[in-house]
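Structural overview for review
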Amino acid sequence: MSLEDQISPQSLLKESEERYRVLFENASDVIQSVRPDGTFEFVNKAWHDMLGYDDKELENMIIWDVIHPDSRPECEVHFAAAMQGLPVVDVRADFIDKQGNKIPVEGNAHSRTVDGKIVATHTFFRDIRERLQTEELVAQNARLEQEQQARYLEKMAALGKLSAGLSHELNNPAAAAQRSSKRLSESLAARDEAAKVLTSQEISAEGWATLESLVNRCVVNRLSPGELSPLVASRLEDELMDWMRDHQVAEAWNYTTGFVQGGVTAESLETLADALPAPALPAAIAWAGESLAIEEHANVIDRSMQRISELVGAVKQYSFRDQAIEQDVDIHDGLENTLVILAYQLRGVTIQRDYDRSLPRVRTYGSGLNQVWTNILDNAVDATDGKGTIIIRTMSDGPMAVVEITDNGPGISPEQLPRIFEPFYTTKPQGEGTGLGLDISWRVVVNEHGGTLSASSVPGETTFRVSIPFCPDDLPGED
């Protein structure tokens, strides 16, 4: 006889009930049985732990006392379905505990029948607060990553725009220097050939002195292009051309412009002709003309290198390369470096400066403020279609340095103005802006520098106002 045969049916039933009671009471899920009138038939320990009600309170409660009002309409539908014997699965609802806290749950509901009649619904729910919090954290991290990626792409797009303009600005002087370097070599060779001819003609010391004096006067008296009116310059060049043709000077057109800019006249050339043997005159004209050309080529190379050096210096200052991340700087330096970097974009814009150069220094962190100036100026250029006027003012306001950048574009509407610093919001046509430039600027000014950034706008006048604290060591009135 087996052990089960030795145990009475009553004992087996009791043991089975005890087994299920232990499982019921120790289940991690919330279990409740609700009668058709909404009263509770029974609940488990997890139900009490989650909602905070004791057994005595439960006696006077109905199911709708623990369903949050937001979930009640949907739960009424599920409850009615369960009371009709229909299974209800994957229900999402919000319970409300004794303290009034909303508790999100998820689970299933099934009906229980006795003699073919539905007497209650059994529901099994689990508290999903931790899961939802985890999902929200994951979603927040995804949003943050997306925003960070978008901001990174915005910065890269801005960098690409700056790089394109800067490349153009660097290319102009570099190309000019390259052209002048080539022409300098040609002029040196041509002058050497002319010098050989002059040497063979045994030019006197007086003749060389007259020739060198002519060149020196041209260098000293050289006029800038445009100082002479086109009509006057053309007339003087024609006079020199006629004189040199009369004296058998070949390729005279190569030298007339340089001579006119240097103040050489037909009378000057007559003086030179009187000091030289007639066969030496063409070579002397060539030597003088090429000497002036060499001087001009050297000047072009020098100016080009200065421009390239200025651009490179501006880029270095703009990015604060090779310098400490935290710096105390003159705010005007950053503005001017940014204008140099944006020169290509600003070529059709009139820039007006109204600077208070007596402002104390401000404390900056990295190149963030230069990004702010870039973003605001870039927007101003777009607003004026690259042909308007931008006014940059600096002033003090208590312990703050204030920079106002104003453009004469059409303005920002009152509906749009309050939202312009929101991430991903843009007033530009779709596809022309990411809506992150001003958001990045706001973060740099407010979060990184402890300043303020605001904007005001009416048709024909939009002003962005940036306030940055002065360096603590340079506050007015402090030693």
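It should be noted that the structure appears before, not after, this text.
First things first, this report covers the structure right here in the doc. Predicted model only: the values in this text are computed from it and were never measured.

Details of the overall build of the protein
- Summing up its helical and strand segments, the protein has 14 helices and 12 strands in all.
- Split into buried and exposed, the 479 residues of the protein put 39% on the buried side.
- In the protein, the share of contacts with a sequence separation of at least 24, taken over all contacts with a separation of at least 6, comes to 64%.
- Surface accessibility of the protein: about 27000 Å² in total, with carbon and sulfur atoms responsible for 51%.

A look at the packing of aromatic side chains
- Inspection of every chain in the model, using the stated rule, returns six aromatic pairs.
- Ring plane angle 75° and centroid distance 5.8 Å describe the contact between Trp64 and Phe79, whose orientation is recorded as edge-to-face. Note that Trp64 is positioned in the loop between helix H4 (55-59) and helix H5 (72-83) and Phe79 in helix H5, a separation of 15 residues in sequence. For the residue pair Trp64 and Phe79, the accessibility class agrees, reading buried in each case.
- A ring pair is formed by Trp208 and Trp287, whose centres lie 5.8 Å apart and whose planes are at 80°; its orientation type is edge-to-face. Taken as a pair, Trp208 in helix H7 (residues 205-221) and Trp287 in helix H11 (residues 281-319) lie far apart in primary sequence, 79 residues in all.
- Of the residues examined, Trp208 reaches a relative accessible area of 23% and is grouped as partly exposed.
- Taken together through their ring pairs, the aromatic side chains of Phe40, Trp47 and Tyr53 make up a single cluster.

Focus: the nonpolar core
- Grouped together as the largest cluster of nonpolar side chains are 34 residues, with contacts concentrated most on Val372, Trp373, Ile390, Ile392, Ile405 and Val466.
- When residues of this core are traced back to their parent elements, those giving at least two are helix H12 (331-341), helix H13 (368-383), strand E9 (389-397), strand E10 (400-407), helix H14 (437-448) and strand E12 (461-469).
- Not counting chain neighbours up to four residues away, the residues in contact with Val466 comprise Val372, Trp373, Ile376, Ala401, Val402, Val403, Val445, Thr452 and Leu453.
- In this structure, Tyr255, Leu272, Trp287 and Leu292 belong to the second largest nonpolar core, which totals 31 residues.

What about the sheet that holds E10?
- Sheet architecture is open: five strands sit in the order E7-E9-E10-E12-E11, paired in mixed fashion. Two strands lie at the open edges of the sheet, namely strand E7 (350-354) and strand E11 (452-458), each paired on one side alone. The mean angle between the axes of side-by-side strands here comes to 15°, regardless of whether they run parallel or antiparallel.
- In terms of strand pairing, E11 meets E12 through seven bridges, oriented antiparallel. Along E12, the bridge assignment pairs Ala455 with Phe464.
- Across the sheet, H12 lies against E7, E9 and E10, angled at about 165° from E9, the strand it touches most.
- Along the sheet, H13 makes contact with E9, E10, E11 and E12, crossing E10 at roughly 20°.

Thoughts on the packing of H13 against H14
- Interaxial distance between H13 and H14 falls to 9 Å at its minimum, and their mutual angle equals 145°. Remark: the crossing between H13 and H14 carries left-handed chirality. On H14, the residues that touch Gly368, Leu369, Gln371, Val372, Asn375 and Asn379 of H13 are Gly437, Leu438, Ile440, Ser441, Val444 and Val445.
- Its residues assigned to classes, the contact of H13 with H14 comprises six nonpolar, six polar and no charged.

Here is what the cut-offs are and how they apply
- Residues numbered from 1 in each chain as written.
- Predicted model: local features only at pLDDT ≥ 70, side-chain atom pairs only at ≥ 80, totals over all residues.
- Heavy atoms only, no water.
- Helix = DSSP H or I, 4+ residues; strand = E, 2+ residues; numbered from the N terminus.
- Buried < 20%, exposed > 50% of the residue type's maximum accessible area, 1.4 Å probe, protein only.
- Contact = heavy atoms within 4.5 Å.
- Areas by Shrake-Rupley, 256 points an atom, 1.4 Å probe, with all protein chains shown as cover.
- Phe/Tyr/Trp six-rings, centres within 6.5 Å; stacked < 30°, edge-to-face > 60°.
- Core = buried A, V, L, I, M, F, W, Y, C linked by side-chain atoms within 4.5 Å.
- Pairing = 2+ DSSP bridges.
- Axes fitted to C-alpha atoms, helices over the stretch in contact; angles between N-to-C directions.
- Left-handed = near helix turned anticlockwise from the far one by under 90°.
- Nonpolar A, V, L, I, M, F, W, Y, C, P; charged D, E, K, R; others polar.

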